[in-house]
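# Fold and contact review
Okay, here's what each chain looks like letter by letter:
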Amino acid sequence: MTPLADLFGIVTPNGLVYERHHAGVPKIDPAQHRVVIHGLVRQPRLFTVDDLLRFPSETRMYFLECSGNTGSEWNGPSGLPVQFTHGLLSCCEWTGVRLSTLLDEVGVDTSAQWILAEGADGAAMTRSLPLARILDRALIVYAQNGERLRPENGYPVRLIVPGFEGNTNIKWLRRIKLVQAPEMTREETSKYTNLLRDGTARQFVFEMDAKSVITRPSAGHRLTTHGYYAISGYAWSGRGRIRRVDVSTDGGMTWHPARINGPVQDRALTRFEADWRWNGGVANLQSRAIDETGYVQPTRAALVAARGVNSQYHYNGIQNWRIEETGEVRNA
Ligand SMILES: Nc1nc2c(c(=O)[nH]1)N[C@H]1C(S)=C(S)[C@@H](COP(=O)(O)O)O[C@H]1N2
Ligand SMILES: [Mo]
């Protein structure tokens, strides 16, 4: 998991990006690897990695968040530090080819509404994705933060679906099939559906809702000096840009707008900072993200009222860090 409390700015260095694999990291010979695009197309095609490198490229910063991120807090404060509550999260500069560019090459039939994307790992991780919602930004990438992808992150090619839950960003991409309707794969039936209170489940919950977390100070830290501290953290939304971040030091009774530090980019981590003086008393630090759609990050109570506690995925409640009189910072 990404050590968020030890990072500055918005970039996650490649060696510190969290890793999630359903069946380990496959060894792939890039000279042998192919990406096939087939199904409802005029002309199915195989692309080598060299083929992909010849197309016009696009470079963009996007966050990647596992839908299981912060699942530890559904039943109340877990006591864990931020690396283990929010560390299934990264933000990298991705370089690759637009999915739409490759689809133009094969000629998509008008009946194709979804794609099926499949990885070349032992899990053959496979997801169905709605074309209309991803076509203007999905990338097939070969580079991350300026260097080629690392084996753990999908070398030689992976799919990046900005703002969508982590598992849809298929690593070691080997196949895209154009289809009329979702294929109901293992990863969208037995996994990655969200069980609600009434026994029904949310399915195809793709966008990650707006969320934020204070990374400094955070659980496990200890304040040793009274006086000024800059409270610093990340905000992000799967639906676009962050509009505002509010910070509270009294457990959510009063809120003040934080400063946005650095660029505010579409579906990327945004760094915020707020001024605070610690006078030695108990304090409860919280942050609340508001995105460009007007969506406000909910309290845990509001989230649980709406979804119950069995959803497993997509927890985005406001996080509380409690400062004790000793200066100890706790997830409580
Ligand atoms: N082929 C394949 N793609 C995959 C996975 C996998 O196991 N196999 N894991 C997914 C999950 S659950 C997440 S959260 C992200 C993690 O990306 P990372 O390991 O580069 O951080 O990749 C996704 N893509
Ligand atoms: Mo994930």
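What counts, and at which threshold
- Residues numbered from 1 in each chain as written.
- Chains lettered and ligands numbered in written order.
- Predicted model: local features only at pLDDT ≥ 70, side-chain atom pairs only at ≥ 80, totals over all residues.
- Heavy atoms only, no water.
- Salt bridge = Lys/Arg side-chain N within 4 Å of Asp/Glu carboxyl O.
- Buried < 20%, exposed > 50% of the residue type's maximum accessible area, 1.4 Å probe, protein only.
- 1 Å grid on protein atoms, 1.4 Å probe; cavity = no way out; pocket = protein on both sides within 12 Å on 5 of 7 lines; lining within 4 Å.
- Points joined across faces, edges and corners; volume = space filled by probe spheres on them.
- Nonpolar A, V, L, I, M, F, W, Y, C, P; charged D, E, K, R; others polar.
- Pairing = 2+ DSSP bridges.
- Helix = DSSP H or I, 4+ residues; strand = E, 2+ residues; numbered from the N terminus.
- Polar contact = N/O pair within 3.5 Å; in protein donor to acceptor, adjacent residues only side chain to side chain.
- Contact = heavy atoms within 4.5 Å.
- Patch = residues over 30% accessible without salt bridge, like charges linked within 9 Å, V, L, I, M, F, W, Y side chains within 5 Å.
- Areas by Shrake-Rupley, 256 points an atom, 1.4 Å probe, with all protein chains shown as cover.
- Axes fitted to C-alpha atoms, helices over the stretch in contact; angles between N-to-C directions.
- Near = heavy atom within 4 Å.
- Sits in = over half its atoms within 2 Å of the grid points.

## Examining the pattern of salt bridges
Two side chains of opposite charge can pair, provided their charged atoms sit close to one another. The full count for this structure, using the stated rule, is 21 salt bridges. In this structure, glutamate 324 and arginine 330 form a salt bridge, with 2.4 Å as the shortest nitrogen-oxygen distance. By relative accessible area, which is 13% here, glutamate 324 ends up buried. We classify arginine 330 as partly exposed; its relative accessible area is 35%. A single network of salt bridges, built from pairs that share partners, joins Glu118, Arg174 and Arg175.

## Points about empty space enclosed by the protein
Counting across every chain of the model gives two cavities of 30 Å³ or more. Around the largest cavity, the lining is made up of 19 residues, and of these Arg20, Arg158, Gly166, Asn169 and Lys171 lie nearest the centre. Broken down by class, the residue content of the lining of the largest cavity amounts to eight nonpolar, six polar and five charged. Taken together, the residues that form the lining of the second largest cavity break down as two nonpolar, two polar and three charged.

## Quick word on the sheet that holds strand E20 (residues 320-323)
One open sheet accounts for five strands, arranged E16-E15-E19-E20-E21; its pairing is antiparallel. Every other strand in the sheet has two partners, leaving strand E16 (256-257) and strand E21 (329-330) as the edge strands with one partner each. Note: strand E15 (residues 242-248) against strand E19 (residues 283-291), six bridges, orientation antiparallel. The residue of E19 that forms the bridge with isoleucine 242 is aspartate 291.

## Here's the deal with unusual backbone geometry
Omega for the bond connecting tyrosine 155 with proline 156 falls within 30 degrees of zero, at 5°, which places this linkage in the cis form. One non-glycine residue with positive phi stands out, namely threonine 70, at about 70°. Summarising the element assignment, threonine 70 is placed in the loop between strand E3 (58-65) and helix H2 (82-86). Here the phi dihedral of tyrosine 192 falls at roughly 60°; this positive angle occurs in a residue that is not glycine. In this structure, tyrosine 192 sits in the loop between strand E10 (173-179) and strand E11 (194-195).

## Notes on the side chain of threonine 95
Its location among the elements puts threonine 95 in strand E4 (residues 89-98). Among the residues examined, threonine 95 registers a relative accessible area of 14% and is labelled buried. Within the structure, threonine 95 has its side chain in polar contact with the side chain of threonine 59 (distance 2.9 Å).

## Things to note about the side chain of threonine 70
Relative accessible area serves as the criterion here: at 2%, threonine 70 is assigned to the buried category. If we ignore the near neighbours within four places in the chain, the residues touching threonine 70 are Thr85, His86, Lys211, Tyr315 and Gln319.

## A few points about a nonpolar patch on the surface
A surface patch of nonpolar side chains, about 250 Å² in accessible area, is lined by Met1, Leu80 and Phe84. By the secondary structure assignment, methionine 1 is in the segment before strand E1 (34-39). Its relative accessible area of 38% is what places methionine 1 among the partly exposed residues.

## Thoughts on the sheet that holds strand E14 (residues 227-236)
The four strands lie next to each other as E13-E14-E18-E17, forming an open sheet whose pairing is antiparallel. Unpaired on one side and paired on the other, strand E13 (211-216) and strand E17 (259-261) mark the two borders of the sheet. With direction set aside, neighbouring strand axes in the sheet form an average angle of 35°. Of the strand pairs in this sheet, E13 and E14 are connected by five bridges, and their pairing is antiparallel. Bridged to serine 212 within E14 is alanine 235.

## Description of the site of ligand 1
Not every one of the 21 residues close to ligand 1 is listed here, only the nearest: Tyr18, His22, Asp121, Arg158 and Lys171. At 2.6 Å, a backbone N or O of tyrosine 18 approaches an oxygen atom of ligand 1. Between asparagine 153 and ligand 1, the recorded distance is 2.9 Å, taken from a side-chain N or O atom to an oxygen atom. In isolation ligand 1 offers 530 Å² of accessible surface; the protein chains occlude 100% of this area. The cavity that encloses ligand 1 is the largest cavity. Looking at the shell around ligand 1, its residues break down into eight nonpolar, seven polar and six charged.

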